[in-house]
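# Chains, contacts and geometry: an overview
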Amino acid sequence: MITRHPEKVNKPINPIKKKPSWIRSKLTNSQEFFLTKSIVNQYKLKTVCQEANCPNITECWSKRHATFLIMGDTCTRACAFCDVKTGKPKNLDSFEPIKISFAVKKLNLKHAVITSVDRDDLDDGGADHFYKVIIETKKNNPETTIEVLTPDFLRKGESYKKVIDAKPDVFNHNIETVPRLYRQVRPGSRYFSSVELLKNAKKIDKNIFTKSGLMVGLGEHKDEILQIMDDLRSAKVDFLTIGQYLQPSVKHHPLARFYRPEEFNELGSIAKSKGFLLVSSSPLTRSSYHADEDFAKLQKNRINQTNAQSIS
Ligand code: SF4
């Protein structure tokens, strides 16, 4: 049997906890869902919705909202929380930028979200490919806003600047968990490099919206979550997403606990009080969940903030 996670074969078995009543995906079975699926298949594209086994897929695809996964379906990192396949990736598809741009057009997306696997095997970590995908998508869809959710480009110098050169509207990079858990949960990444990436993105382009996401339920403590909020605010991150970690298999990082909806509300209120322009905090929040509606809110909140500052 070919395993999707060869690096996890010898990991201990961590039994999967039963989901509480508040973790329920919305089941819709609309024509739109199948239309989204057929467009994704027609262009032979990958989506993180499918590859990461996202619980929101029926809801999002019923609104034609799919998040494209570029540079293949095989990741060079081995994060303990993620269900995306790991191993040696294939060569880049030079037609992918045009295929994404056509799919965005067919789906008639007002806001397109594009993410990727980690490509540590490439000299620039895939920054140039991101650039091409953004530029091509904008060319064919000038009214569509673009959000990218990027890897950390660790040890790839300043290659990330190429992504920002393409002028995406939102630059997202997930912090995922608290620094104490990085060695177990995100062993190939470095917490402060991720914070630095977000800080630099904003420094280079002050008009870009920066965004980051955190999973809870991996064994973190509340004071550590609050510290992350402060670190991200110091990096001038605009938008924070907080969602429940769901353990993909018995070989993945053990789920410590489910947070109750009221705990998400509390974390959301604290984050707002720390000055984020927007916060999404709920059990099923994911980086790209409701990204189109949230982008509209981000724009509105920035206008309100600018107006308030000019009055005071
Ligand atoms: S939340 Fe994001 S990854 Fe999940 S189905 Fe929706 S668009 Fe896809």
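Provided above is the structure to which this section pertains.
Below: a short report on this structure. (Residues numbered from 1 in each chain as written. Predicted model: local features only at pLDDT ≥ 70, side-chain atom pairs only at ≥ 80, totals over all residues. Heavy atoms only, no water.)

### Section: the sheet that holds strand β5 (residues 170-172)
Our working definition: Between any two strands, pairing holds if DSSP finds at least two bridges. Think of it this way: any DSSP run of H or I at least four residues long counts as a helix, any run of E at least two long counts as a strand, and we number them from the N terminus.
Strand order in the open sheet made by the eight strands is β1-β2-β3-β4-β5-β6-β7-β8, with mixed pairing throughout. Unpaired on one side and paired on the other, β1 (46-47) and β8 (278-281) mark the two borders of the sheet. Relative to strand β7 (residues 239-244), strand β6 (residues 209-216) runs parallel, the two being bridged by six bridges. By the bridge assignment, Val216 is partnered in β7 with Gln244.

### Focus on unusual backbone geometry
A positive phi angle, near 65°, is found at Arg64, a position not held by glycine. Relative to the helices and strands, Arg64 resides in the loop between α3 (57-61) and β2 (67-70). With a phi angle near 55°, His290 is a residue other than glycine that sits in the positive phi range. Among the secondary structure elements, His290 is positioned in the loop between β8 and α11 (291-311).

### Considering the state of the cysteines
In plain terms, the rule: By definition, disulfides here are pairs of cysteine sulfur atoms that lie within 2.5 Å.
A complete count under the given rule lists zero disulfides for this structure. Free cysteine: Cys82, not disulfide-bonded; nearest cysteine sulfur from Cys79 at 6.4 Å.

### Considerations on the nonpolar core
Going by this rule: We define the nonpolar core as a collection of buried residues of types Ala, Val, Leu, Ile, Met, Phe, Trp, Tyr and Cys that are connected through side-chain atoms lying within 4.5 Å of one another. Exposed residues in this analysis have more than 50% of their type's maximum accessible area, buried residues have under 20%, and partly exposed residues fall in between, with area computed by a 1.4 Å probe over protein chains only. We call two residues in contact whenever any of their non-hydrogen atoms come within 4.5 Å of each other.
Ranked by internal contacts, the top residues of the largest apolar core, which has 75 residues, are Phe68, Ile114, Phe171 and Met229. Broken down by element, this core gets its largest block of residues, five residues, from helix α8 (residues 191-204). Here Phe171 is in contact with Val148, Thr150, Val163, Ile164, Leu197, Leu198, Ala201, Ile208, Phe209, Thr210 and Lys211, once residues within four sequence places are set aside. Core analysis: the next-biggest nonpolar cluster, separate from the first, contains seven residues, Phe209, Leu277, Phe295 and Leu298 among them.

### Some points on the side chain of Asp118
Mapped onto the elements, Asp118 comes out in the loop between β3 (111-116) and α5 (127-140). When sequence neighbours within four positions are dropped, the list of residues in contact with Asp118 reads Thr74, Cys75, Thr76, Arg77, Pro151 and Asp152.

### A short note on the pairing of β3
Summarising burial for β3: six of the six residues are buried, a large majority. Judged by which residues are buried, β3 turns out to be covered on both faces: His111, Val113 and Thr115 on one side and Ala112, Ile114 and Ser116 on the other are all buried. Two elements, β2 and β3, share four bridges in a ladder whose sense is parallel. Within β3, the residue paired with Ile70 across the bridge is Ser116. Note: β3 against strand β4 (residues 145-149), five bridges, orientation parallel. Bridge pairing in β4 places His111 opposite Thr145.

### Digging into a nonpolar patch on the surface
Counted only if it meets this: Here, patches come from residues exposed beyond 30% relative accessible area and free of salt bridges, joined within 9 Å for like charges and within 5 Å for nonpolar side chains (Val, Leu, Ile, Met, Phe, Trp, Tyr). The accessible surface values rely on the Shrake-Rupley method and a 1.4 Å probe; as for residues, cover is taken only from the protein chains in view. The term salt bridge refers to a pairing of a side-chain nitrogen on Lys or Arg with a carboxyl oxygen on Asp or Glu at a separation within 4 Å.
Among the surface-exposed residues, Ile13, Ile16 and Val250 lie close enough to one another that they form a single nonpolar patch of about 260 Å² accessible area. Within the secondary structure, Val250 is located in the loop between β7 and α10 (261-273). Residue Val250 is classed as partly exposed on the basis of its relative accessible area, which comes to 32%.

### A short note on empty space enclosed by the protein
Condition: A pocket here means an open set of points on a 1 Å grid, computed over the protein atoms alone, that has protein on both sides within 12 Å along at least five of seven lines. A cavity is instead a set of points where a 1.4 Å probe fits but cannot get out; residues with an atom within 4 Å of a point line either one. Grid points are joined across faces, edges and corners, and a volume is the space filled by probe spheres set on the points. Three residue categories are used. Nonpolar comprises Ala, Val, Leu, Ile, Met, Phe, Trp, Tyr, Cys and Pro, charged comprises Asp, Glu, Lys and Arg, and polar comprises the others, including Gly.
Per the stated rule, a full pass over the model turns up one cavity of 30 Å³ or more. If you add up the space inside the largest cavity, you get close to 40 Å³. Taken together, Cys60, Lys63, His65, His290, Asp292 and Glu293 make up the lining of the largest cavity. Of the residues contributing to the lining of the largest cavity, the split by class is one nonpolar, two polar and three charged.

### Some points on the packing of aromatic side chains
Quick reminder of the rule: What counts as a ring pair is set by centres within 6.5 Å for rings of Phe, Tyr and Trp (its six-membered ring), and what kind of pair is set by the plane angle: stacked under 30 degrees, edge-to-face over 60, tilted for all other angles. Here, a charge over a ring means that NZ of Lys or CZ of Arg falls within 6 Å of the ring centre while also lying within 35 degrees of the ring normal.
Within the structure shown, the criterion is met by seven aromatic pairs. Centroid distance Phe33 to Trp61: 5.7 Å. Interplanar angle 40°. Geometry classified as tilted. Here Phe33, found in helix α1 (residues 31-42), pairs with Trp61, found in helix α3; they are 28 residues apart in sequence, far enough to count as distant. Phe33 sits in the buried class, given a relative accessible area of 12%. On the basis of an interplanar angle of 50° and a centroid distance of 6.0 Å, the ring pair of Tyr259 and Phe264 is categorised as tilted. Ring pairing ties together the aromatic residues Phe33, Phe34 and Trp61, which thus form one cluster. A cation sits over an aromatic face here: Arg233 above Phe276, 5.5 Å from the ring centre. In this structure, Arg257 is placed above the aromatic ring of Tyr259, and the distance from its NZ or CZ to the ring centre is 3.9 Å.

### Structural notes on the packing of helix α4 (residues 96-107) against α5
Defined as follows: Think of each axis as a best-fit line through the C-alpha atoms, taken over the contacting stretch in the case of a helix, with angles from 0 to 180 degrees between the N-to-C directions. Two helices that cross are described as forming a left-handed crossing if the nearer one is turned anticlockwise from the farther one by less than a right angle, and a right-handed crossing if clockwise.
For the pair α4 and α5, interaxial distance at closest approach is 8 Å and the crossing angle is 40°. You can see that α4 and α5 cross each other, and the crossing is right-handed. Between α4 and α5, the residues in contact are Glu96, Pro97, Ile98, Ile100, Ser101, Phe102, Val104 and Lys105 and His129, Lys132, Val133, Glu136, Thr137 and Asn140, respectively. Residue classes in the contact of α4 with α5 are distributed as six nonpolar, four polar and four charged.

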